[in-house]
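# Tertiary structure, described
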Amino acid sequence: MLIFTKEYFSKVKDKNDRRILFLTQWSYNDALVQTYTLPYISIVKEITKAYSYLITTGKTSSLRIHKQQSNVLIELPNPVAVFRTQWLWNIFILNKILRKKRISIIHSWCTPAGSIAAILKLCNKKIKLILDSVEPHAESMIECKIWSKYGLKFKTLFFLEKLQFKKADQFIFCASGMDRYIKEKYELTVQGYIKPACVDLSMFTKSAGKNDALLKELGLDGKLVCIYAGKFGGFYMEDETFEFIKQCEEYWGKDRFRFLLLSNVSDAYLESKLHKNSIDKSIAVKRFVPHSEVPVYMGLADFAICPNKPVPSKRYGTPIKNGEYWAMGLPIVIAPNISDDSDIIRKYGAGAILEGFTQKDYCNAIKEIDSIISQMSRGETYSLIKPIAEKYRNFSIAEEVYLKIYGSCL
């Protein structure tokens, strides 16, 4: 990796080159770049044959630029927090790159990066701005009690969300209804395309079924396994998740039921949650594995949980893991009004909707899951649910959206 040199800011000679700046606020090694950004960039580049610059946030105080696969990767200095003064320098650097490299399109992911993109467009009015993965962020932070409604962070991002919705040329929403949300919250009328979090179906198909050796290694042989791959806190339920797991233990028994957790939470955190809910320690099996190994672990499960908090703004998001669960043929337990996913699960009978957070609600969801996995073979469940991933999470959805958008931009 090289710290940037003058050549990276020299003017390009060919004015007719197609040049796109892909803008994120995640680090390059973050799963959101590796699994949620790079595959889409590959699709766009295949469609446009454009030369691209990928912006990520590094973990150092210096700016670094180097070649990464077929992209020029620009790692901005770590701003520590979204609205601290480091972003003033980062915006200055990005503005310089835009002009020297004759960037014609900024393609940003999610509204925090879209906020920076909107500021850049104010200074470069001829540049086209594409907002990708548009979902509420400012209000989600309030609803999930991460930010204060009266705090500077919320007020700034809410203002910048309205700015980017005014300035953008194209919108890609995570779920249906986001246009109505923008109309209601920002009094702006916009139109956009819908692209949920797509999944590499081939990656999961080849891992379908239970790996006997791994079952024995983890002590899951002959067990009924619930899986969750992700975080706790913030946008994700904590206490409710473990209350549900407790009821699963009660229903299926501690000798049969297991909770497979793919997460980097600490052992101390997990032990505290198990103790708080009187869950036997043998119930939980925790591993943290690279994304490339996730499918084989998911293949060990009988059903999955999606603990996204059912706050109003989450109706417009796109839980990435749900597509992966579907690709593995797993029924999902989910709260109502999570993206389009809750309605899809209800429509196809592909899981259970957790209507509330009482013992009765947990038991109702458990019985619904039990009716699926006890009345259908693993192969039958897979045949029911895998087509949902093919219909609603296929990368062909992204290809179609990008063909339409870049056909109008270039």
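One structure accompanies this document, and this report is about it. (Residues numbered from 1 in each chain as written. Predicted model: local features only at pLDDT ≥ 70, side-chain atom pairs only at ≥ 80, totals over all residues. Heavy atoms only, no water.)

### A short note on the packing of helix α14 (residues 341-348) against helix α16 (residues 378-392)
Axes are the key here: two packed helices are described by the angle between their axes and the distance separating the axes. At their nearest, the axes of α14 and α16 sit 11 Å apart, and the two run at 140 degrees to each other. Here α16 runs oblique to α14, going by the angle between their axes. The hand of the α14/α16 crossing is right-handed. Together, Ile 344, Lys 347 and Tyr 348 of α14 and Leu 384, Ile 388, Lys 391 and Tyr 392 of α16 make up the contact between the two elements. In terms of residue class, the contact of α14 with α16 is made up of 5 nonpolar, no polar and 2 charged. (Axes fitted to C-alpha atoms, helices over the stretch in contact; angles between N-to-C directions. Helix = DSSP H or I, 4+ residues; strand = E, 2+ residues; numbered from the N terminus. Parallel < 35°, antiparallel > 145°, perpendicular 65-115°, else oblique. Left-handed = near helix turned anticlockwise from the far one by under 90°. Contact = heavy atoms within 4.5 Å. Nonpolar A, V, L, I, M, F, W, Y, C, P; charged D, E, K, R; others polar.)

### Details of unusual backbone geometry
The backbone of Ser 133 shows a phi angle near 55 degrees, a positive value even though the residue is not glycine. Along the chain, the position of Ser 133 falls in strand β6 (residues 128-134). With a relative accessible area of 0%, Ser 133 lands in the buried category. A positive phi angle is found at Asn 337, which is not glycine, with a value near 60 degrees. For Asn 337, the location among the structural elements is in the loop between β13 (332-334) and α14. For Asn 337, a relative accessible area of 47% gives the class partly exposed. (Buried < 20%, exposed > 50% of the residue type's maximum accessible area, 1.4 Å probe, protein only.)

### Description of the sheet that holds strand β3 (residues 64-68)
Pairing is mixed across the open sheet formed by 8 strands, whose spatial order is β3-β4-β2-β1-β5-β6-β7-β8. The two strands at the open ends of the sheet, each matched to only one other strand, are β3 and β8 (193-194). (Pairing = 2+ DSSP bridges.)

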